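The chain contents come next:
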Amino acid sequence: MAGLNVDEVKVSLQKFGLYDYVVFVLMLLSCAMIGIYFGFLKKKAKKGEAEADYLVGNRQMKIIPVSLSLIASFISGISLLGTPTEIYLYGVQYMYIVGGVISMGFIMMYFYLPVFHNLKLTSTYQYLQTRFDRRMRLFGSILFTLATMAWLPIVIYVPALAFNQVTGINVHLITPIVCVICIFYTCVGGLKAVVWTDVVQTVLMFGAMVLIIVKGTLDVGGFSVVMDRAKASGRIEGPDMRFDMTTRHNIYSCVIGGVVYWLKTNAVSQNMIQRYLSLPTMAAAKKALWTFIFGTLVLLALCCYSGLLIYAKYYDCDPLTTKLAKAKDQLLPLLVMDTLGDFPGLPGLFVAGVFSAALSSLSTGLNSMSAVVLEDFFKPFSNRPLTEKQTSIIMRAVVAVFGAMCVGLVLVVEKLGSVLQLSMSLGSVSNGPLLGIFTLGVLIPWANGTGAIVGGSVGLVVMIWICLKAQLAIATGELAFDMKPVDTRGCSYHFIASEPMSMLAINTTAPSEPEFAIYHVSYLWYTTMGALITIIIAVIVSFIVGPNKPDEMNPNLFSPFIQRILARRRIAARCQLEMVTGGIKEIIQ
């Protein structure tokens, strides 16, 4: 590459050839064929079962496909590209979030999942009406809709970035083509098509990541070279034990903040719960949960290592400084083309893997939107029961309309910055209040509908303010984060820069000791803050207006251990009543 400039190097790495396009197109065609099979060829559901078949697979899905679907739905292109970028820029502190992931599994298994599964819901927001009132169901459904519409465009944009890096094709040309195929198979095939396409896509994701890691590690000189270079730059380090909420990542924000963030995205989110509800028994749902957690941890480990591998490859020529990668989240695609570009078909496999992650998340989001809009916006406000044909039209129209809106919103996302923190920050606007509301429902019998809606509204307003102020502070440079050092002294091509950088951190012009403000706290605390604000306000308001009487409520609406407490209270109250009655009888006698 000696004598070339950065643009020439960029073009030379775009080796996406015929075989790569064939692999990519085959992935898309396989997804479309799965949709056609479940939509037109497979035996139709019995009359009256079409809705349950479309939305929850008639509650007869198998554990392994559902587990793989959960992994594919949760690990979107945001994680596949954003996590390696995070590790490259900031080191491995983020990976201590695995403690939060494992803790989330236990909390979800004992407190949340039994409630939703035993009630046999289709939309988790049905629970809010049963537990509180109709206002809460509508409030929760609106929050979910807004959050999903903020998240899905980011999910679509990320793989388009990867495709742009390896082919040079415009982001806005590939996005509509891929999304139309996703909308098609989600629209015609329902949950079964979504789950089985997720299975194909999960295999592609794992395969692509393993391939990059093995070949990339061999190219840089082996595993020990990757580790040595990462340690020398400070990217591998022990957990930061300082309790400082403004520190972007430390052990407390990753484990405590992480467990709350993951609880919302897995334990009460319609996207994920809908899969657990498609399984026939609670035991099957628990197995799917732990299979999902294991698979997610493996994929996160692969993403983390690939971030270290990117640094080992470019340790003396940072591609962000030289502009070889236009955006931060194009680092992994750059590594792929540098490593696998000479092997026809392999870059196509990687791009298929990244797009698979995005398509699985998009199809999951659209299928969940279909369930929520039907169950929470149409049925409650319909004067007469919807016919099977009307239900079918509504479910499929929702997928098509919201899918098209997501494609349009990609134009907005393109202007916004690094995707991993952005997606987690924006999601926290509604995630915190929603988790707070559901936690009130399953754990605090005294909380009533008025308290819940006031608490949720206050939590939402506060989190909107915090997230907007934080994004503004990042944009203006008021809030900046120390990045790990990079170097450009080893570059063999020409690029425009004032002088080669020598182990200096990029974009680290943070003000010295900025004054503390609430929006300076780590984005990993956002969901926790939103949930706590919602719960505290809701409990206070509930007791002001008059709390519920737990003994008069349906015990199935609460977590199993709350049910046991209420049962003991009822037994104690009955015994006390019998003692009083017996005492009165003795006096009379």
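Treat the numbers as computed from the prediction; the structure is a model and nothing was measured.

### Brief notes about the overall build of the protein chain
Inference 1: Looking only at helices and strands, the protein chain has 21 helices and zero strands in total.
Inference 2: Relative to its full complement of 589 residues, the protein chain shows a buried share of 56%.
Inference 3: Here the analysis covers contacts within the protein chain between residues at least 6 apart in sequence; of these, 86% occur between residues at least 24 apart.
Inference 4: Roughly 23800 Å² of accessible area belongs to the protein chain as shown, and the carbon and sulfur atoms make up 66% of that amount.

### Considerations on the environment of A400
Inference 1: Along the polypeptide, A400 turns up in helix α17 (residues 388-413).
Inference 2: Overall, A400 belongs to the partly exposed group, its relative accessible area being 34%.
Inference 3: The sequence separation of A400 and C187 amounts to 213 residues, and the corresponding C-alpha distance is 7.0 Å.

### Here's the deal with unusual backbone geometry
Inference 1: At K120, a position not held by glycine, the phi torsion is positive, near 55°.
Inference 2: Residue placement: K120 occurs in the loop between α6 (98-118) and α7 (125-131).
Inference 3: Although it is not a glycine, K323 adopts a positive phi angle of roughly 70°.
Inference 4: Mapped onto the secondary structure, K323 falls in the loop between α14 (319-322) and α15 (331-340).
Inference 5: When its relative accessible area of 53% is taken as the criterion, K323 is described as exposed.

### Here we look at the nonpolar core
Inference 1: Ranked by size, the top nonpolar core spans 178 residues in total, and within it F24, Y276 and F292 carry the most contacts.
Inference 2: Ranked by residues supplied to this core, first place goes to helix α13 (residues 282-313) with 18 residues.
Inference 3: The residues touching Y276, leaving out its near neighbours within four places in the chain, are L70, M108, L113, H117, N266, A285, A288, L289 and F292.

### Considering the confidence of the model for the protein chain
Inference 1: Mean pLDDT over the protein chain works out to 82, with 88% of the residues at or above the 70 mark.
Inference 2: Within the protein chain, the element-level pLDDT minimum falls on helix α3 (residues 50-56), averaging 67, and the maximum on helix α20 (residues 526-545), averaging 94.
Inference 3: When the criterion is pLDDT under 50, residues 498-513 qualifies, and its contacts beyond four places in sequence or with other chains add up to 36 contacts.

### Let's talk about the state of the cysteines
Inference 1: One pass over the full model with this rule turns up one disulfide.
Inference 2: Here C317 pairs with C491 through a disulfide, and the sulfurs are 1.9 Å apart. The sign of the S-S torsion, about 105°, decides the handedness of the disulfide formed by C317 and C491: right-handed. One end of the pair, C317, is in the loop between α13 and α14; the other, C491, is in the loop between α19 (449-476) and α20, with 174 residues separating them in the sequence. Of the two residues examined, C317 and C491, each falls in the buried class.
Inference 3: Unpaired in terms of disulfides, C179 finds its nearest cysteine sulfur in C182, a separation of 6.7 Å.
Inference 4: Residue classification places C182 among the buried residues on the basis of a relative accessible area of 0%.

### Details of the pattern of salt bridges
Inference 1: Inspection of the entire model under this criterion finds eight salt bridges.
Inference 2: Measuring nitrogen to oxygen at the nearest pair gives 2.7 Å for the salt bridge that ties R248 to E86. Taken together, the residues span a long stretch of sequence, with R248 in the loop between α10 (223-232) and α11 (251-267) and E86 in helix α5 (residues 77-90) at a distance of 162 residues. This pair shows no difference in class: R248 is buried, exactly as E86 is.

### A short note on the packing of aromatic side chains
Inference 1: Using the criterion set out here, one finds 12 aromatic pairs in the structure.
Inference 2: Aromatic pair Y37 and F38: ring centres 5.0 Å apart, planes at 75°, arrangement edge-to-face.
Inference 3: For the pair F111 and F561, a centre-to-centre distance of 5.2 Å together with 40° between the ring planes defines the contact as tilted. One end of the pair, F111, is in helix α6; the other, F561, is in helix α21 (residues 560-588), with 450 residues separating them in the sequence.
Inference 4: Given a relative accessible area of 31%, F561 falls into the partly exposed group.
Inference 5: The ring centre of Y88 lies 5.3 Å from the NZ or CZ of R235, which sits over that ring.
Inference 6: Positioned above the aromatic ring of Y311, the side-chain terminus of R235 is 3.9 Å from the ring centre.

### Let's talk about helix α4 (residues 63-74)
Inference 1: The first and last C-alpha atoms of α4 sit 16 Å apart over 12 residues, in line with the 16 Å expected at 1.5 Å per residue.
Inference 2: Of all the 12 residues making up α4, nine are buried; the element is thus mostly covered by neighbouring parts of the structure.
Inference 3: What α4 keeps buried is the set P65, V66, S67, S69, L70, I71, A72, S73 and F74.

### Quick look at the side chain of T148
Inference 1: Among the structural elements, T148 can be located in helix α8 (residues 134-167).
Inference 2: Residues contacting T148, with those up to four places away along its chain left out, are P153, G365 and M369.

### Regarding a nonpolar patch on the surface
Inference 1: Nonpolar side chains collect at one region of the surface, where L18, V22, V25, L26 and L29 lie side by side and expose about 470 Å² of accessible area between them.
Inference 2: Mapped onto the elements, L29 comes out in helix α2 (residues 18-41).

### Notes on the side chain of T534
Inference 1: Within the fold, T534 resides in helix α20.
Inference 2: Within the local environment of T534, its side chain forms a polar contact with the backbone oxygen of G455, the two atoms lying 3.5 Å apart.
Inference 3: If we ignore the near neighbours within four places in the chain, the residues touching T534 are G432, P433, G436, I437, L440, G455, G456 and G459.

### Section: the packing of α2 against helix α16 (residues 346-378)
Inference 1: α16 packs onto α2 with a crossing angle of 25° between their chain directions and a minimal axis gap of 7 Å. It follows that α2 is roughly parallel to α16 by the angle criterion. You can see that α2 and α16 cross each other, and the crossing is right-handed. Taking contact as the criterion, the partners of D20, V23, F24, M27 and L28 in α2 are, on α16, L346, P347, G348, L349, V351, A352, F355, S356 and L359.

### As for the environment of P159
Inference 1: Within the secondary structure, P159 sits in helix α8.
Inference 2: For P159, a relative accessible area of 1% translates into the label buried.
Inference 3: Sequence-wise, P159 and A357 are 198 residues apart; in three dimensions their C-alpha atoms are separated by 8.4 Å.
Inference 4: With residues near it in sequence (within four places) discarded, P159 still touches V354, F355 and A358.

The rules behind these values
- Residues numbered from 1 in each chain as written.
- Predicted model: local features only at pLDDT ≥ 70, side-chain atom pairs only at ≥ 80, totals over all residues.
- Heavy atoms only, no water.
- Helix = DSSP H or I, 4+ residues; strand = E, 2+ residues; numbered from the N terminus.
- Buried < 20%, exposed > 50% of the residue type's maximum accessible area, 1.4 Å probe, protein only.
- Contact = heavy atoms within 4.5 Å.
- Areas by Shrake-Rupley, 256 points an atom, 1.4 Å probe, with all protein chains shown as cover.
- Core = buried A, V, L, I, M, F, W, Y, C linked by side-chain atoms within 4.5 Å.
- pLDDT = per-residue confidence, 0-100.
- Disulfide = S-S within 2.5 Å.
- Salt bridge = Lys/Arg side-chain N within 4 Å of Asp/Glu carboxyl O.
- Phe/Tyr/Trp six-rings, centres within 6.5 Å; stacked < 30°, edge-to-face > 60°.
- Lys NZ or Arg CZ within 6 Å of the ring centre and 35° of its normal.
- Expected span 1.5 Å × (residues − 1).
- Patch = residues over 30% accessible without salt bridge, like charges linked within 9 Å, V, L, I, M, F, W, Y side chains within 5 Å.
- Polar contact = N/O pair within 3.5 Å; in protein donor to acceptor, adjacent residues only side chain to side chain.
- Axes fitted to C-alpha atoms, helices over the stretch in contact; angles between N-to-C directions.
- Parallel < 35°, antiparallel > 145°, perpendicular 65-115°, else oblique.
- Left-handed = near helix turned anticlockwise from the far one by under 90°.

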